[in-house]
Amino acid sequence: MTVEETVALVKEHLSIADTKSDLLIKDRINDVLNYCNLSEVPKQLEPFVRKKVKAVIDYESFAGTQSVFDVKSQTEGESSWSYNVSEDNCKDTIYGLSEKDKKELKPFRRLRR
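Residues numbered from 1 in each chain as written. Predicted model: local features only at pLDDT ≥ 70, side-chain atom pairs only at ≥ 80, totals over all residues. Heavy atoms only, no water.

This part is about the overall build of the protein. When you go through the protein residue by residue, the secondary structure sums to five helices and two strands. The linear arrangement of helices and strands in the protein, starting from the amino end, is α-α-α-β-β-α-α. Across the 113 residues in the protein, those meeting the buried criterion constitute 33%. Taking the intrachain contacts of the protein between residues at least 6 apart in sequence as the baseline, contacts between residues at least 24 apart amount to 56%. As displayed, the protein has an accessible area near 7900 Å², and 48% of this comes from carbon and sulfur atoms. (Helix = DSSP H or I, 4+ residues; strand = E, 2+ residues; numbered from the N terminus. Buried < 20%, exposed > 50% of the residue type's maximum accessible area, 1.4 Å probe, protein only. Contact = heavy atoms within 4.5 Å. Areas by Shrake-Rupley, 256 points an atom, 1.4 Å probe, with all protein chains shown as cover.)

Here we take up helix 1 (residues 3–13). Those residues of helix 1 that sit buried are Thr-6, Val-7, Val-10 and Lys-11. Down the axis of helix 1, the buried set is contained in an arc of 130°. They therefore lie on one face. Seen from the buried face of helix 1, the exposed residues on the opposite side, beyond 90 degrees, are Glu-4 and Glu-12. Just downstream of helix 1 lies Ser-15, where phi reads positive at about 55°. (Arc of directions from axis to C-beta.)

What follows concerns the layout of surface pockets. The calculated volume of the largest pocket comes to roughly 270 Å³. Lining of the largest pocket is provided by eleven residues; of these, Lys-52, Thr-93, Ser-98, Lys-100 and Asp-101 occupy positions nearest its centre. Every element with two or more residues in the lining of the largest pocket is listed here: helix 3 (46–63), helix 4 (91–95) and helix 5 (99–105). Counted by class, the lining of the largest pocket contains three nonpolar, two polar and six charged residues. (1 Å grid on protein atoms, 1.4 Å probe; cavity = no way out; pocket = protein on both sides within 12 Å on 5 of 7 lines; lining within 4 Å. Points joined across faces, edges and corners; volume = space filled by probe spheres on them. Nonpolar A, V, L, I, M, F, W, Y, C, P; charged D, E, K, R; others polar.)

Laid out in C-alpha cells, this is it:
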C-alpha cells in the first residue's frame, strides 16, 4: 500500500475525520519504512501503525505536547518530585520504536542493496 492509502486506512479505523493527524500518521509510517528499508507499507503492518498512532494520540491527550513527563527526579530546596515512568510509557518509546516494536517489525525488514 502507498503511504496515502495507509493514512486513509488508519484514519478510517481510528475514526479520524480531519486532516490534523495526517502528519503524525505519516511520521509513524516513515519510521516503519525507514527501519524496515521498504518503499511501501505491507497491508499486514497497518495495525502496527494504527496502534503507534493511537499511543501517540493517547499520550498527547494525557500529558500534552509541551509537558515534561519523563522527569525521573528533581529537587528544589526541601521539595522533591519524581515521575514513575516505565520503559513502555516514556516519551522516546511512544514517539519512536522500542525494542518490542523492532521485534514485531523484524519479519518485514529487508537488507539494503
